[in-house]
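Topology and contacts: notes
So the chains spell out like this:
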Amino acid sequence: MNKVTFDSDGVTLTGNLFLPEGIERAPGVVVAGTWTSVKELMADRYAQRLAERGYAAMSFDFCGFGESGGEPRDVENPARKVRDIHHAVSFLAAHPAVDGDRLGALGICAAAMYMADNAAHDPRVKSLALVAPWLHDAAICEVAYGGAEAVAEKIKIGREARSRYDETGEIDYVPVVSATDPRAAMPYEIDFYLNPARGGIPAWPNRFAVMAWPDWLTYDSIALAPQIKQPTLLVHSEDAAIPDGARRFLTGLAGTREIHWTQGTQFDFYDQEPQVTLSVDSVAGHFRRTL
């Protein structure tokens, strides 16, 4: 693993580049994970496993997250994350250990939306893979967040928080995950995020900027599908997050598409077996066929 840095719209981002042994110029893959995540949560795990299978795979921290620069911190901004992915692809394409003509993208959970968005506009990405993909539009957000009124309320408080930030520079944060705080972005007992042996690590501060709600809840990833011509693989489970979004996205894709249905909860795909190995093997096989 090599620590790397690259520029994204004037901000220095930090990544981990995992290189395979014995391959002079390997096909490259950009890897990213869940919303609010840092690379250590799950992207590193997938990137390392892909390197073991012959790929130059890079995980990285988005602008304002983890080891990367950028302000404000820990704000889930889909448009900014898509730009960061574009610049990550540029870095990987120019790296001497990477075959810049054979580039893939892997998105886990929410990063499926962002990788898909970049792929729709970036022909350098030749193949797309999405694991336990969270793919939403307005209708899915209403189902996921308790109905139209609940979504409207989150958008309202998000806009109010944004106004406070613009006026004072102060950011309203709530926990990403909490079993006791109803304001949390995910007000549930989720072992992956709360367990220090899994995702509850010091590098991840478990905080969600309230002003991020409007951009998140109005983001339409399902509409991207007809713009994606690259061969695309989805690995998902009926017991994981919003499988209906995956089905609708898959149906709309313009290029060749495949979905591998398996077993497991959403969080199993982040760090549990057999879900991680099954997913990595499926993704590696997809890239072998399409890169």
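Located above this text is the structure these notes cover.
Residues numbered from 1 in each chain as written. Predicted model: local features only at pLDDT ≥ 70, side-chain atom pairs only at ≥ 80, totals over all residues. Heavy atoms only, no water.

Topic: the layout of surface pockets
- Approximately 570 Å³ is the volume attributed to the largest pocket.
- As for the largest pocket, its lining consists of 29 residues, of which Trp-134, Tyr-145, Ala-185, Met-186 and Tyr-188 are closest to the centre.
- Mapped by element, the contributors of at least two residues to the lining of the largest pocket are α5 (148–168) and α7 (213–217).
- Taken together, the residues of the lining of the largest pocket break down into 24 nonpolar, 2 polar and 3 charged.
- A volume near 250 Å³ is recorded for the second largest pocket.
- What lines the second largest pocket is a set of 14 residues, and nearest its centre among them are Pro-72, Val-75, Asn-77, Arg-162 and Met-211.
- Mapped by element, the contributors of at least two residues to the lining of the second largest pocket are α2 (78–94), α5 and α7.
- Sorting elements by how many residues they give to the lining of the second largest pocket places α5 first, with 3 residues. (1 Å grid on protein atoms, 1.4 Å probe; cavity = no way out; pocket = protein on both sides within 12 Å on 5 of 7 lines; lining within 4 Å. Points joined across faces, edges and corners; volume = space filled by probe spheres on them. Helix = DSSP H or I, 4+ residues; strand = E, 2+ residues; numbered from the N terminus. Nonpolar A, V, L, I, M, F, W, Y, C, P; charged D, E, K, R; others polar.)

Comments concerning the sheet that holds strand β1 (residues 2–8)
- Strand order across the open sheet formed by 8 strands is β1-β2-β4-β3-β5-β6-β9-β10, with mixed pairing between neighbours. Pairing within the sheet leaves two strands with one partner each, and these edge strands are β1 and β10 (257–262). Taken pair by pair, the neighbouring strands of this sheet meet at an average axis angle of 25°, ignoring direction.
- Examined bridge by bridge, strand β2 (residues 11–18) and strand β4 (residues 56–60) share 4 bridges and lie antiparallel to one another. Bridge pairing in β4 places Asn-16 opposite Ser-59.
- Seen against the sheet, helix α1 (residues 43–52) touches β2, β3 (26–32), β4, β5 (98–108) and β6 (125–131) and runs at an angle of roughly 165° to β3.
- Sheet contacts for helix α3 (residues 111–121): β3, β5 and β6; angle to β5, the most-contacted strand, approximately 145°. (Pairing = 2+ DSSP bridges. Axes fitted to C-alpha atoms, helices over the stretch in contact; angles between N-to-C directions. Contact = heavy atoms within 4.5 Å.)

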